[in-house]
Amino acid sequence: MRWRWFHQWGSPRWFYERAGRWQLVCGWLSLGLIAVGTIWGLGFAPVDYQQGNSYRIIYLHVPVAFLAQAMYGAMAVSAVVLFVWKMKIADVAMQSIAIIGFAFTALALGSGAVWGKPTWGTYWVWDARLTSMLILAFLYLALIGLRASIRDPDQAGKVCGILILVGVVNLPIIKYSVEWWNTLHQPASLKLTEKPTMPASMWIPLLINILGYYIVAAYLVLGSMRAILVERERRSSWVRELVKRV
Amino acid sequence: MSIEKRILARELWLAAARPGDIVKPLWFLLLVVSMVPLALTPDSELLAEIGSAMIWIATLLALLLNSEHLFQSDFSDGILEQWLFFNRPLAWLVGLKLTAHWLLHVLPLILLSPVVALMLSVPGDVSIALFITMLVATPALTCFSGLGAALTLGSSRSGILGVLVMMPLFVPVVVLASGVLIRAMDGSETLPLLALLGAFSVASAVLVPIAVSLAIRVNIGGSN
């Protein structure tokens, strides 16, 4: 019985039902947190003395940028679980995270561009952090495209897992090389102007939002995993029962 | 004859049977480089400045073009499946195949680079730096494009998917190579960066064949 908690993860039905409940909790929790963080951040946090009100995009930009990278880590953990324990649920997680991770990366790039225009006077610069984010977006796209091109889901999962793990080794190298390249090409006239000191009334709502976005990511991944599970297990009896009940 | 010798001999025979496969990427490189002055300007000073980067990118594309289907024919005629039954690690045989590919299909591109450098009036010392950079960097690129080819073996209509999948992983190589070329143009020390590039190539040559062999195994298992 001691291993039951572990073996349960092998059952798609168990996961589907459990994930539904978790999703509900995550949904309401994240809604509350993001509402508090965003209203506080946009409405009540003090104005930045340098950037004025435009800095307030950090309440969206910083959380999604955090997640864009964290999602890749989560995907890599899933890939390891898939290869070590051959759990199909890990493959479903990889598939969901690739798409949602790409969405977060695109959102981070987009919100950064919107902020860059009033602050730097341009939507895009070849700054190290922007560039490595762009490469990350391409990697997510590669995973989505690779999976879409292979018909057998088990085979697609393993192939994507290999690419994810190769990417995990490479991402730090890419990040460092791009940082090095940027300092070579241009002097530090443009930096992401991160204030070393921020008043608490600025960073507390930011922290709340970061937490809220993490939970909303969990909500989205769980939802997408449930949808993929139902599709993959469409021939099994529990899915048929589920459909009959609806 | 040992297995290694037989595999290399087979690669040689295949290349001799289809010399077009060696010529086409060279032809492509020449064409792309000829397009650069036409698209930009015949001004030799400007060309000299961006020429080495242009040649580098064109070579990268030519390399990707000819390694896109690196394992495809061996996969469809069952050679890769036979490799599984040799008493050698699959990664070792993959490494051999990649080495043969580099010698037969990538080295000619590198040998052509001084000629195309002349076409874009790249100065002599930069042209030498470009040649050495390519020599040092292409093993890593060959390994990664081989991985792209192996990952997409099971794809129904892979097209240029393997290229799209692998391009992001080329970033460190491209960045370091551009560093070497910029330093060569300044006349400053290039050796440290070349050493880093070499280290990346050696690490890729050791590790990537393992990933390639995994991808081949998965795709052979899935096709049954």
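What counts as what
Residues numbered from 1 in each chain as written. Chains lettered and ligands numbered in written order. Predicted model: local features only at pLDDT ≥ 70, side-chain atom pairs only at ≥ 80, totals over all residues. Helix = DSSP H or I, 4+ residues; strand = E, 2+ residues; numbered from the N terminus. Buried ≥ 20, exposed ≤ 12 C-beta atoms within 10 Å, placed from the backbone. Contact = placed C-beta atoms within 7 Å. pLDDT = per-residue confidence, 0-100. Core = buried A, V, L, I, M, F, W, Y, C linked by C-beta atoms within 7 Å. Expected span 1.5 Å × (residues − 1). Bend = angle between axes of the 7 residues up to and from the residue.

Asker: Any chance you could explain the overall build of chain B here in plain terms?
Answerer: A tally of regular secondary structure across chain B gives 10 helices and zero strands. Taken from N to C terminus, the helices and strands of chain B fall in the order α-α-α-α-α-α-α-α-α-α. For chain B, the proportion of its 224 residues judged to be buried stands at 44%. A separation of at least 24 residues holds for 79% of the contacts in chain B among residues at least 6 apart in sequence.

Asker: Help me understand the overall build of chain A in this model?
Answerer: Each helix and strand counted, chain A has eight helices and zero strands in total. Each helix and strand of chain A, placed in order from N terminus to C terminus, yields the pattern α-α-α-α-α-α-α-α. For the C-alpha atoms alone, the extent of chain A along its principal axes is close to 60 × 40 × 35 Å.

Asker: How should I be thinking about unusual backbone geometry in this particular structure?
Answerer: A negative phi angle characterises most non-glycine residues, just as the trans form characterises most peptide bonds. Backbone geometry at Lys86 of chain A places phi at a positive 55°, although glycine is not the residue there. Locating Lys86 of chain A in the fold gives a position in the loop between helix 3 (58-85) and helix 4 (88-120). Its 12 C-beta neighbours within 10 Å are what place Lys86 of chain A among the exposed residues. A positive phi is found at Ser121 of chain B, a non-glycine position, where the angle reads about 45°.

Asker: How should I be thinking about the interface of chain B and chain A in this particular structure?
Answerer: Interfaces are often described in size by the accessible area the parts lose on coming together. The partner chain A presents 23 residues to the 24 residues of chain B that form the contact. Among the elements of the structure, helix 7 (124-151), helix 8 (161-166), helix 9 (171-186) and helix 10 (191-223) of chain B are those that each provide at least two residues to the side of chain B that touches chain A. At six residues, the largest contribution of residues to the side of chain B that touches chain A is made by helix 10 of chain B.

Asker: Looking at this structure, how should I read the confidence of the model for chain A?
Answerer: Keep in mind that low pLDDT regions are not for reading the predicted coordinates in detail. The pLDDT averaged across chain A works out to 87; a share of 93% of its residues lies at or above 70. Counted against residues more than four places away or in other chains, residues 186-192 of chain A, with its pLDDT under 50, gives four contacts.

Asker: Help me out: how do you make sense of the nonpolar core in this one?
Answerer: One broad trend across soluble globular proteins is that nonpolar side chains are buried collectively. Within the largest apolar cluster, 129 residues are counted, with the highest numbers of intra-cluster contacts made by Met94, Leu146, Val159 and Leu163 of chain A together with Leu147 and Ala215 of chain B. Per element, the largest residue contribution to this core is 14 residues, and it comes from helix 7 of chain B.

Asker: Explain helix 6 (residues 90-119) of chain B to me, please; I cannot follow it from the model alone.
Answerer: Residue and element names in this part refer to chain B. For helix 6, built from 30 residues, the straight-helix expectation of 44 Å at 1.5 Å per residue is met to within 8% by its first-to-last C-alpha distance of 42 Å. Approximately 40° is the largest bend angle found in helix 6, and it occurs at Val106, with the proline Pro108 only one to four residues beyond. Once helix 6 finishes, Ser121 follows within two positions and takes phi at roughly 45°, a positive value.

Asker: How should the environment of Lys88 of chain A be read in this particular structure?
Answerer: Note on placement: Lys88 of chain A falls in helix 4. In sequence terms Lys88 of chain A and Asp154 of chain A are 66 residues apart; their C-alpha atoms lie 8.0 Å from each other.

Asker: Teacher, can you tell me more about the environment of Thr59 of chain B here?
Answerer: Residues and elements named next belong to chain B. By the element assignment, Thr59 lies in helix 3 (residues 44-67). Thr59 sits in the buried class, given 26 other C-beta atoms within 10 Å. Residues contacting Thr59, with those up to four places away along its chain left out, are Leu29, Leu109, Ser113 and Met134.

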